[in-house]
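Geometric and topological summary
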Amino acid sequence: MIEKAKDLLEDFAKIKASNKRGYKKYIACKADNINYFLDTAAIENDEKFDGYYAIATNQDNITAEDAISAYHNLWRIEQSFRIMKSNLEVAPIFVWTEKRIKGHFVVCFLAFLLLRHLEYKLAKNSISASQEKIRDALNSLNFARVTLGGNSYYIKTKAEDLAYKILRILKIPSPKNITPVEELIL
């Protein structure tokens, strides 16, 4: 990082363009806001912590173990945002009005909560399934509509085993193999 900071000092434009993280924290500016130099005091201060890993918190009433545990659980929050942005497509697409953007977000957030609740229920029943597997299993619950002798029926297609486990855990009866249309229309 020190070598990168030295390289950065050679190009004034790069110093202005980059932010004050990483190796740029070792670059300081004189009072004229034009001349930059290597901040040896910052380097010496960081050297004191070489070999140590620190977790900072603004909570003064928790134990070190609680702080470490909270830090280790940050991945859950990051994963939640990834799920919402990628799989649930929280970013409104083809939605312009504020009312519809909020509605889209509420629907996505409810879907996320339902997904997390389902993951919890499955884990509680000793069933390990990623959110992708859950989504695929639920998407495998399909029907084909057929008409025979003037009557229409829905025929259940083959679904994944996980889909039936989900239905059982949620206490939702499994659909019949053949269902007249009249039974599904409310």
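For the structure given in this document, a descriptive report is provided here.

**Considering the sheet that holds strand β5 (residues 178-180)**
Spatially, the three strands line up as an open sheet ordered β3-β4-β5, and their pairing is antiparallel. The open sheet is flanked by β3 (143-148) and β5, the only strands paired with a single partner. Averaged over neighbouring strand pairs, the angle between their axes works out to 30° when direction is ignored. With three bridges connecting them, strand β4 (residues 151-156) and β5 associate as antiparallel partners.

**A closer look at helix α8 (residues 161-169)**
When α8 is considered as a whole, its buried residues turn out to be L162, A163, I166, L167 and I169. Buried residues of α8, seen end-on, are gathered within an arc of 165° and therefore sit on one face of the element. Residues of α8 that are exposed and angled more than 90 degrees away from the buried face: D161 and R168. Elements in contact with the buried residues of α8: α6 (98-124) and α7 (131-139).

**Brief notes about a nonpolar patch on the surface**
A cluster of nonpolar side chains, namely Y53, I55, I68, Y71, L74, I77 and F81, defines an oily patch on the protein surface of about 700 Å² accessible area. For the nonpolar patch, the elements supplying multiple residues, two or more each, are α4 (64-72) and α5 (74-85). Mapped onto the secondary structure, L74 falls in helix α5. For L74, a relative accessible area of 37% gives the class partly exposed.

**Describing the pattern of salt bridges**
As enumerated under the stated definition, the model contains four salt bridges in all. Among the ionic pairs, K102 bridges to E98, the shortest N-O distance being 2.9 Å. Of this pair, K102 and E98 both sit in helix α6, four residues apart, roughly one helical turn. For E98, a relative accessible area of 55% corresponds to the exposed category. The partner of R135 in a salt bridge is D136, and the shortest N-O contact between them spans 3.6 Å. Residue classification places D136 among the partly exposed positions, given a relative accessible area of 37%.

Criteria and cut-off values
Residues numbered from 1 in each chain as written. Predicted model: local features only at pLDDT ≥ 70, side-chain atom pairs only at ≥ 80, totals over all residues. Heavy atoms only, no water. Pairing = 2+ DSSP bridges. Helix = DSSP H or I, 4+ residues; strand = E, 2+ residues; numbered from the N terminus. Axes fitted to C-alpha atoms, helices over the stretch in contact; angles between N-to-C directions. Buried < 20%, exposed > 50% of the residue type's maximum accessible area, 1.4 Å probe, protein only. Arc of directions from axis to C-beta. Contact = heavy atoms within 4.5 Å. Patch = residues over 30% accessible without salt bridge, like charges linked within 9 Å, V, L, I, M, F, W, Y side chains within 5 Å. Areas by Shrake-Rupley, 256 points an atom, 1.4 Å probe, with all protein chains shown as cover. Salt bridge = Lys/Arg side-chain N within 4 Å of Asp/Glu carboxyl O.

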